[in-house]
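In case you want the letters, here they are:
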There are 2 protein chains.
Amino acid sequence: MAESADVQQSRHPTDVLLEKAAALGCRPEDQAFAVAMDTEDPLRGLREDFHIPKMKDLPPTDPTLVCADDDCVYMCGNSLGLQPKGVRKYLEQDLDYWARYGVFGHFEGPRPWALCDEYVTEQSARIVGARPEEVACMNGLTVNLHLLLVSFYRPTSTRHKILIEGKAFPSDHYAMESQIRFHGYDPATSLLLAEPRPGEQTLRTEDLVSLIKREGDAIAAIVFSGVQYYTGQLFDMETITRAGHSKGCVVGFDLAHAVGNAELHLHDWGVDFACWCTYKYMNSGAGGLAGAFVHEKHAAADMPKLLGWWGHKMSTRFRMDNKLDLSPGVNGLRVSNPPPLLVSPLLASLDVFQKTTMADLRRKSVLLTGYLEFLIKKFYPKPAGTAIRPWVEIITPSDPAQRGCQLSLMFSVPIGAVFTELERRGVACDKREPNVLRIAPAPLYNSFSDVHRFVSLLGQSLQAAQL
Amino acid sequence: MAESADVQQSRHPTDVLLEKAAALGCRPEDQAFAVAMDTEDPLRGLREDFHIPKMKDLPPTDPTLVCADDDCVYMCGNSLGLQPKGVRKYLEQDLDYWARYGVFGHFEGPRPWALCDEYVTEQSARIVGARPEEVACMNGLTVNLHLLLVSFYRPTSTRHKILIEGKAFPSDHYAMESQIRFHGYDPATSLLLAEPRPGEQTLRTEDLVSLIKREGDAIAAIVFSGVQYYTGQLFDMETITRAGHSKGCVVGFDLAHAVGNAELHLHDWGVDFACWCTYKYMNSGAGGLAGAFVHEKHAAADMPKLLGWWGHKMSTRFRMDNKLDLSPGVNGLRVSNPPPLLVSPLLASLDVFQKTTMADLRRKSVLLTGYLEFLIKKFYPKPAGTAIRPWVEIITPSDPAQRGCQLSLMFSVPIGAVFTELERRGVACDKREPNVLRIAPAPLYNSFSDVHRFVSLLGQSLQAAQL
Ligand SMILES: Cc1ncc(COP(=O)(O)O)c(C=O)c1O
Ligand SMILES: Cc1ncc(COP(=O)(O)O)c(C=O)c1O
């Protein structure tokens, strides 16, 4: 994977952190260390571009346990990104033009509505490592997944399987099942689930590759997530794509948890198609405008497509003569006219991304999540021998090249109680059935101090959960 | 069709208008008459709930030809509805909760995002004449059309045709073509176009019915618009549905131009499925949240579906165990999580619709559009004999039961010039290739005075266009 320098170096972030602490003359677990790390973080200013909820405002907070006006400990960017402060300004503009221009807003104003999606494609393309014409911003993630599968999943009697992770996100799982059924096949025999080895939580790339080698001739499409929502594992998309292609499979990715989190090079990796939502690390708000990628090599391919007028080339679209003049590639898959009120929040977030690069964000993220890992392992390791105190297991790989910012935690005490206690203390994180808390320090707005505060509140919560 | 009293009575609005003018002691073409009609209009106050663009704000206005601060003459609700004043408040709420609650907004706050579409389904259902559980608000229109066709268009070797209007809206045309191709058929033989008789502009119900009788055995699906976007013709959906069903065809409607315009009784008519956009007469803003209807009789049907997690029953959705527990009917077709920022504008518009009924709106609309027709016919009729002055032909049916609020006009002079001159004078209306101006007085916010002003500006524009 083409990763930024620090990650590639295969120097574990723990070593980097220990070295930095030594240079500062403190211990990494000291609050002073977190503060110092924030001070030297070149991206620290980006936090100012977001609305950070206050402790007192989060509904489950117990006011007796927090300083009301402190920022909450928001570790939930993997579920819903925080609001960029620029959103309001753009939405106000949209409303203002709608009020004053009426229908003329379609082709006039700062972001004419008929073209509004184009204001976010180029920057989205940069973030996923694609050419601008390989990306469209439209619909919701699962809707896009279906539109893409209509083109890319073309089962035959000998090659009809879809390979996904065993614990794929439910929406993806249902999407695949329904696509298989739609083509007259049976998920029981056509949906192939990649499972970890017994006793392991995450998938090994070598196992995936040999699975693909073994079963590839019967696999029509491989559709993996970029970052697994439950375990936080970052898959080696380049290797999976190559393995799939070597067996004649089409390879696509659901980048819900990868976009704005990991460095992506969809074009260079030769990925066939991808889709993503933007309400997580892309901070576009609930139900935000999703993305879709179709590799340039398919731009002129004669594939099945479900079409609408927005796939018609702009230059002739309004002739309305019902003679289709289709845009090449992913732009031909645009179906309905785009919603400016969803473009605007995404644009405001992209404005923040514009101030940095994915490589720089990732560099910070590796340290930030490395810090989280370090502190958890330091304070809540599985006790040796017969000692009984609560402990935490991190199921996300420790190798930074195999994870994004999220760590998925399992506990020796009942998870529900820990979660409740964290929430009472102003921590926003999420619980995923059956058994993990997902903690995701987002490098755009989370700080080393946030991580430090989280770990200290986790300690209090583990104690309280035991009582 | 179950229509409101005035329409059913088959008393032409012209007669009603003449009678009213006589009672008022003026001529219908007098401005005083328009003013009097506005005064007695029980719905006149609803205009206050919308932002009406000013003459000076419309980009093409020529300031030397208008009173800058007058309201423009907005006749374009068929393309983009005006902004309900309540939109801003709801959007502010969404932004406020996002800023303060972060991810907690999914299940807390005035309209929890995870449930936000439910805040608009019940009222939407009322407007289309459906039960609440028959309607879902999601995606864009053409996306919904595809999701519905996946379920309802199930071609076989003997029954593989789709019947649509010859001049269906391009997006629908392309959607049908692509669905036909997706199933391995050829639009040349599987897409059946209903065309008007030679020399006629609109379709006759009896011709449609006999076409369905003749060809029905080979027709899998009939998909008509409710109101034709180009001609403004309101189809007799009940009769078409009955004719289709009698031949074993599935019958669906694209209600883009019908919803919020005509009285609809989808449930009672037994329509199988329908979809609509909400940015026209439903005033939800460009790219607004679309609607979909599946008749209750299909709620438990085992049909092909493209699924996502939002189709999973809410009560068990977040178990995330990948065991699908599908909502019945149209709710099972929900794919992606809903966008609150598109729900809010629609909700603000529905708040206005709540203040009246479709029957009352329609009653006003019949008179309002009847007034437009009366004035156009009075002032710009086709001259008898050899006289040469510009004239206007209305291609929309004169029978109010066969039209909504829009009239489609053709001209004896080049349409481009007329359109330009109207725009210079602060009229918002739209031109549709090849040859019509669409004029749509929307009963929610247009007045009889608007119609009067439009016709007078049309006269000036025809003159100017000739120079
Ligand atoms: C009849 C009809 N169908 C479909 C559409 C457009 O569909 P979408 O909302 O999917 O862009 C329109 C838009 O004007 C329309 O008038
Ligand atoms: C991996 C993954 N896929 C899909 C989705 C949801 O899809 P949609 O945006 O279509 O509701 C999520 C949402 O959390 C997700 O994490």
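Analysis parameters
- Residues numbered from 1 in each chain as written.
- Chains lettered and ligands numbered in written order.
- Predicted model: local features only at pLDDT ≥ 70, side-chain atom pairs only at ≥ 80, totals over all residues.
- Heavy atoms only, no water.
- UniProt positions renumbered as here; feature names shortened; annotations may be inferred.
- Contact = heavy atoms within 4.5 Å.
- Buried area = accessible area lost by both parts, 1.4 Å probe.
- Salt bridge = Lys/Arg side-chain N within 4 Å of Asp/Glu carboxyl O.
- Polar contact = N/O pair within 3.5 Å; in protein donor to acceptor, adjacent residues only side chain to side chain.
- Helix = DSSP H or I, 4+ residues; strand = E, 2+ residues; numbered from the N terminus.
- Nonpolar A, V, L, I, M, F, W, Y, C, P; charged D, E, K, R; others polar.
- Near = heavy atom within 4 Å.
- Areas by Shrake-Rupley, 256 points an atom, 1.4 Å probe, with all protein chains shown as cover.
- pLDDT = per-residue confidence, 0-100.
- Least-squares fit on C-alpha atoms with pLDDT ≥ 70 in both.
- 1 Å grid on protein atoms, 1.4 Å probe; cavity = no way out; pocket = protein on both sides within 12 Å on 5 of 7 lines; lining within 4 Å.
- Points joined across faces, edges and corners; volume = space filled by probe spheres on them.
- Buried < 20%, exposed > 50% of the residue type's maximum accessible area, 1.4 Å probe, protein only.

Going by the annotation in an unreviewed UniProt entry, the name recorded for chain A is Kynureninase, with Branchiostoma floridae given as the source organism. Checking UniProt for chain A, the heading Subunit (unreviewed entry) contains the comment "Homodimer." Word for word, the UniProt comment on chain A under Cofactor (unreviewed entry) is "pyridoxal 5'-phosphate".

(A) The arrangement of the interface of chain A and chain B in detail. Contacts between the two partners involve 84 residues from chain A and, on the opposite side, 84 residues from chain B. Approximately 7,000 Å² of surface area, both sides summed, lies buried where chain A meets chain B, with 67% of it carried by carbon and sulfur atoms. Here chain A is connected to chain B by four salt bridges. Where chain A touches chain B, the interface holds 28 residue pairs in polar contact (both at pLDDT 80 or more). By residue number, the principal contributor to the side of chain A that touches chain B is helix H4 (residues 87-101) of chain A, which donates ten residues. The residue inventory of the side of chain A that touches chain B, partitioned by class, reads 46 nonpolar, 25 polar and 13 charged.

(B) Fine view of the UniProt feature "modified residue: N6-(pyridoxal phosphate)lysine" (unreviewed entry) in chain A. All names here are of chain A. Mapped onto this structure's residue numbering, the UniProt feature "modified residue: N6-(pyridoxal phosphate)lysine" (unreviewed entry) falls at Lys 280. Looking at the element boundaries, Lys 280 is found in the loop between strand S9 (273-276) and strand S10 (291-294). Here Asn 78 takes part through its backbone oxygen, which lies 3.2 Å from a polar atom of the side chain of Lys 280.

(C) Layout of the site of ligand 1. Close to ligand 1 lie Trp 309, Ser 336 and Asn 337 of chain A together with Leu 141, Thr 142, Phe 169, Asp 172, Asp 254, Ala 256, His 257, Tyr 279 and Lys 280 of chain B, which account for all nearby residues. Surrounding ligand 1 are residues belonging to chains A and B, so the site spans chains. A distance of 2.9 Å separates an oxygen atom of ligand 1 from a polar backbone atom of Asn 337 of chain A. Interatomic distance of 2.7 Å between a side-chain N/O atom of Asp 254 of chain B and a nitrogen atom of ligand 1. Isolated, ligand 1 exposes 400 Å² of accessible area, and the fraction of that covered by the protein chains is 98%. The residue makeup of the shell around ligand 1, split by class, is five nonpolar, four polar and three charged.

(D) Local environment of the confidence of the model for chain A. Residues and elements named next belong to chain A. Across chain A, the average pLDDT comes to 95, with 98% of residues at 70 or higher. The low-confidence segment residues 1-6, where pLDDT is below 50, has 21 contacts with residues more than four positions distant or belonging to other chains. Interface confidence for the predicted complex, given as ipTM, is 0.97, next to a pTM of 0.97.

(E) Summary view of the pattern of salt bridges. Considering all chains together, one arrives at 67 salt bridges over all chains under this definition. Here Lys 247 of chain B makes a salt bridge to Asp 217 of chain B, at a shortest N to O gap of 3.5 Å. A residue pair is termed long-range when its members are at least 10 positions apart, and Lys 247 of chain B in the loop between helix H10 (237-246) and strand S8 (250-254) and Asp 217 of chain B in the loop between helix H9 (205-215) and strand S7 (219-225) qualify at 30 residues. Residues joined in a network through salt bridges with shared partners are Arg 47, Lys 54, Asp 71, Asp 450 and Arg 453 of chain A.

(F) Fine view of the relation of the copies chain A and chain B. Superposition of chain A onto chain B requires a rotation of 180 degrees combined with a translation of 0.0 Å along the rotation axis, giving an RMSD of 0.0 Å. Here the symmetry operator amounts to a two-fold rotation axis. When the interface residues of chain A are mapped onto chain B, 100% of them again lie at the interface, so the same face is used by both copies.

(G) Fine view of empty space enclosed by the protein. Throughout the structure, instances matching the rule amount to 14 cavities of 30 Å³ or more. In terms of lining, the largest cavity is formed by 37 residues, of which the most central are Asn 139, Gly 140 and Leu 342 of chain A together with Asn 139 and Gly 140 of chain B. Of the residues in the lining of the largest cavity, the class split is 21 nonpolar, twelve polar and four charged. Forming the walls of the second largest cavity are Val 143, His 146, Leu 147, Leu 306 and Val 335 of chain A together with Val 143, His 146, Leu 147 and Leu 306 of chain B. At the level of elements, helix H6 (141-152) of chain A together with helix H6 (141-152) of chain B are the ones that each hand at least two residues to the lining of the second largest cavity. In the lining of the second largest cavity, the residues fall into seven nonpolar, two polar and no charged.

(H) Just the UniProt feature "binding site: pyridoxal 5'-phosphate" (unreviewed entry) in chain A, in detail. UniProt tags Leu 141, Thr 142, Phe 169, Pro 170, Ser 171, Asp 172, Ser 225, Asp 254, His 257, Tyr 279, Trp 309 and Asn 337 of chain A as "binding site: pyridoxal 5'-phosphate" (unreviewed entry). The annotated residues occupy 197 residues of the chain and do not converge on a single region, their most distant C-alpha atoms lying 31.0 Å apart. Lining the largest cavity, from the residues just named, are Leu 141, Tyr 279 and Asn 337 of chain A. Relative to the helices and strands, Phe 169 of chain A resides in the loop between strand S5 (161-165) and helix H7 (170-182). Filtering out sequence-adjacent residues up to four positions away, Phe 169 of chain A remains in contact with Tyr 229 of chain A together with Trp 309, Met 320 and Asn 322 of chain B. Along the chain, the position of Tyr 279 of chain A falls in the loop between S9 and S10. Among the residues examined, Tyr 279 of chain A registers a relative accessible area of 12% and is labelled buried. Setting aside chain neighbours within four positions, we find Tyr 279 of chain A in contact with Ser 79, Leu 80, Gly 81, Ser 284, Gly 285, Ala 286, Gly 287 and Gly 288 of chain A together with Asn 337 of chain B.

(I) Seen up close, the site of ligand 2. Lining the immediate environment of ligand 2, one finds Leu 141, Thr 142, Phe 169, Asp 172, Asp 254, Ala 256, His 257, Tyr 279 and Lys 280 of chain A together with Trp 309, Ser 336 and Asn 337 of chain B. Positioned at a junction of chains, ligand 2 has nearby residues supplied by chains A and B. Take Asp 254 of chain A: an N or O atom from its side chain is 2.7 Å from a nitrogen atom of ligand 2. Residue Asn 337 of chain B places a side-chain N or O atom 2.9 Å away from an oxygen atom belonging to ligand 2. Its free accessible area being 400 Å², ligand 2 has 98% of it covered by the protein chains.

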